[in-house]
Amino acid sequence: MKVLTVIRQRLGWKLFLSYLLVLIIGFVILDVTAELQTPEVLARNITTLRAMQVDNPDLVADLEAHLQDAVHDQLVLATFVAIVAAIAASIFTTRRILRPIQAMTLASQRIAAGDYQGRIEPPSPDELGALATSFNPMAEVLDSTERRRIDLIGDVAHELRTPLSSIRSSLEGLVDGVVPCEAATFLGLQREVSRMQRLAHDLEDLSRAEAGQIRLELRSVDMGELINSVAARLRPQFEDKGVALRLEIAPRLPHLQVDLSRMTQVILNLLGNALHYTAPDGEVAIRAWSDHAELFVAIQDTGVGISAEHLPHIFERFYRVDKSRSRAGGGSGIRLTIARHLVEAHGGRIWATSAGLNQGSTFTFTLPLSP
Ligand code: ADP
């Protein structure tokens, strides 16, 4: 029983036993064939002996026995040599097969223990090589997911620290009587709390988006109408700030299969940012047009602009060009990331261009005409 368990658990033993089995079957077949063939070979020799006038029954029996013994002995010797060869071959092949498997076992054990750096060299271009090749991307995905998770927790903690310490110092001031117990103090507290609420809401969206769990409820939407309605929603805020809002929507824009509320969120985020980063007397223009394959929406402002070094990063999570400026305005650097995920979930692309600081910026996204 113990031997069977050991054999079942060891690939090397299984390989050796499979070689041995093939050898034994070969030996039995050869032996049986030789036994069946020997009398026939002998009969032919007896005919020759008779032709040579030698007729002795004892000699014939002797010859038959000798011949069979000789064949049998040779077969036993050959089988013994073959067994030694099988042991050597199985040690060689087992080592070759086991090495990558052991490497994979070690690497996956390290991953299970929380070390995501382990990679393996593909041993050969066969099935084992394919297994090793698919192991590495899996380890990479786990590694980057883990890194994202750690970064996200760090970022969230960092984001929460500022409003929390502001709330705490206001409350301490109130308790000590240093901060006046008046409406303005409570308004400040309320602002911080609603910032945290917005952050929590954005984070929920972000984590769902980053996990690829955005479920889109697609339906046919008139994109021109959608842009008009979002612009109408924000127009009072534009008027309050004194920023002009201009719409240039091409006639007869195609209807697209999109998730209405998600698309509204994308346009609201981009338009909200354009308003936020544009000074009074500035202008924001929304343009929409389509070609044979895509619909384009561009939101152009005459605001603070973005310098070239920051442009490649602004869609990254929690990235803010000017941390103090955005923080004061309540931004957390998440909304562009969410917008990117939402546009990409619809099969589109999003990018930003800017001629530089104080030169305004343009955010453009596309949606495919056919999903
Ligand atoms: P936030 O909530 O801080 O605005 P976003 O993800 O929306 O975060 O934007 C990320 C950063 O990109 C912002 O902090 C800002 O620096 C920059 N940004 C976004 N939109 C504009 C714009 N229209 N003009 C200039 N800078 C912008």
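Residues numbered from 1 in each chain as written. Predicted model: local features only at pLDDT ≥ 70, side-chain atom pairs only at ≥ 80, totals over all residues. Heavy atoms only, no water.

Describing the overall build of the protein chain
Rules: Counting from the N terminus, the helices are DSSP H or I runs at least four residues long and the strands are E runs at least two residues long. Values of the radius of gyration come from C-alpha atoms, whereas the globule rule sets the reference at 2.2 Å times the count of residues to the power 0.38. Burial here depends on accessible area, computed with a 1.4 Å probe over protein chains only, as a share of the maximum for the residue type. Under 20% is buried, over 50% is exposed, and the range in between is partly exposed. Surface accessibility in these figures is a Shrake-Rupley result with a 1.4 Å probe; residues are shielded only by whichever protein chains are displayed. By the counting scheme adopted, Arg and Lys are positive, Glu and Asp are negative, and His together with the chain ends is not counted. Positions of charges follow a simple convention, taking NZ of Lys, CZ of Arg, CG of Asp or CD of Glu.
A count of helices and strands for the protein chain gives nine helices and seven strands. Scaling as 2.2 N^0.38, a compact globule of 371 residues should have a C-alpha radius of gyration of about 21 Å, whereas the protein chain reaches 40 Å, well beyond that. Expressed as a percentage of the 371 residues in the protein chain, the buried residues total 34%. Accessible area for the protein chain stands at about 22400 Å²; split by element, carbon and sulfur atoms hold 59% of it. Positive and negative side-chain charges in the protein chain, numbering 37 and 43 respectively, have mean positions lying 7 Å apart.

Topic: the nonpolar core
Our working definition: Side-chain atoms within 4.5 Å link the members of a nonpolar core, which is a set of buried Ala, Val, Leu, Ile, Met, Phe, Trp, Tyr and Cys residues. Residue ranges for the domains originate in an automatic or database domain assignment.
Residues Met-223, Leu-271 and Phe-365 are the most contacted members of the largest nonpolar core, which totals 48 residues. In this structure, this core is formed jointly by two domains, domain 2 (146-210) and domain 3 (219-368), each of which donates at least three residues. Formed by eight residues, the second largest nonpolar core is a distinct cluster that contains Ala-107, Tyr-116, Phe-135 and Ala-139.

Side note on the side chain of Asp-202
The cut-off we apply is this: We call two residues in contact whenever any of their non-hydrogen atoms come within 4.5 Å of each other.
Tracing the backbone shows Asp-202 in helix H5 (residues 183-210). Residue classification places Asp-202 among the buried residues on the basis of a relative accessible area of 6%. Discounting chain neighbours no more than four positions away, the residues touching Asp-202 are Ser-332, Ile-334, Arg-335 and Ile-338.

Some details on the environment of Asp-143
The topology assignment puts Asp-143 in helix H4 (residues 127-176). For Asp-143, a relative accessible area of 6% translates into the label buried. Sequence separation between Asp-143 and Ala-86 is 57 residues, and the spatial gap between their C-alpha atoms is 42 Å.

A short note on the site of the ligand
Here is the rule we go by: Here a residue is considered near a molecule or strand provided that any single heavy atom belonging to it is located within 4 Å of it. Here a polar contact means two N or O atoms within 3.5 Å. Within protein one must be a hydrogen donor candidate and the other an acceptor candidate, and residues neighboring in sequence count only if both atoms are side-chain atoms.
Around the ligand, 21 residues are found, and the nearest of them are Asn-273, Tyr-277, Asp-301, Gly-333 and Leu-336. Residue Val-321 places a main-chain N or O atom 3.1 Å away from an oxygen atom belonging to the ligand. In this structure, an oxygen atom belonging to the ligand sits 3.2 Å away from a side-chain N or O atom of Arg-335. Protein burial of the ligand: of its 530 Å² of free accessible surface, 99% is covered by the chains.

Some thoughts on the pattern of salt bridges
Counted only if it meets this: Any Lys or Arg side-chain nitrogen found within 4 Å of a carboxyl oxygen on Asp or Glu counts as a salt bridge.
Within this structure, the stated rule accounts for 14 salt bridges. Between Arg-287 and Glu-248 there is a salt bridge, and its shortest N-O distance comes to 2.9 Å. Of the two residues, Arg-287 sits in strand S4 (residues 283-290) while Glu-248 sits in strand S2 (residues 244-249), which places them 39 residues apart along the sequence. On the accessibility criterion, Glu-248 (33% relative accessible area) is partly exposed. Where salt bridges share partners, they join Arg-246, Glu-248, Glu-283 and Arg-287 into one cluster.

So, helix H2 (residues 11-51)
We count it as follows: For a helix, the expected span equals 1.5 Å multiplied by the number of residues minus one. To get the bend at a given residue, fit one axis to the seven residues ending there, fit another to the seven starting there, and take the angle between those axes.
When the terminal C-alpha atoms of H2 are compared, their 59 Å separation across 41 residues agrees well with the 60 Å that a helix rising 1.5 Å per residue should span. At Gln-37, H2 shows its strongest bend, of approximately 30 degrees, with the proline Pro-39 following within four residues. Buried within H2 are the following residues: Gly-12, Leu-15, Phe-16, Leu-20, Asp-31, Ala-34, Thr-38, Leu-42, Ile-46 and Leu-49. Against the buried residues of H2 lie helix H3 (57-112).

Considering the environment of Ala-274
Within the secondary structure, Ala-274 sits in helix H7 (residues 260-276). For the pair formed by Ala-274 and Ile-299, sequence separation is 25 residues and the distance between their alpha carbons is 7.5 Å. Contacts of Ala-274, omitting those with residues within four sequence positions, involve Val-284, Ile-299 and Asp-301.

Observations regarding the packing of aromatic side chains
Put simply, the rule reads: Centres within 6.5 Å make a pair out of two Phe, Tyr or Trp rings, where for Trp the six-membered ring is used; the pair is then stacked when the planes are under 30 degrees apart, edge-to-face when over 60, and tilted otherwise.
Across all of its chains, the model carries two aromatic pairs by this definition. Where Trp-289 meets Phe-296, the ring centres are 5.1 Å apart and the plane angle is 5 degrees; that geometry is what we call stacked. With 6.1 Å between their ring centres and 70 degrees between their planes, Phe-315 and Phe-363 make a pair best called edge-to-face. With Phe-315 in the loop between strand S5 (294-301) and helix H8 (323-328) and Phe-363 in strand S7 (residues 361-368), the pair connects residues that are 48 residues apart, well separated along the chain. Using a relative accessible area of 8% as the deciding quantity, one classes Phe-363 as buried.

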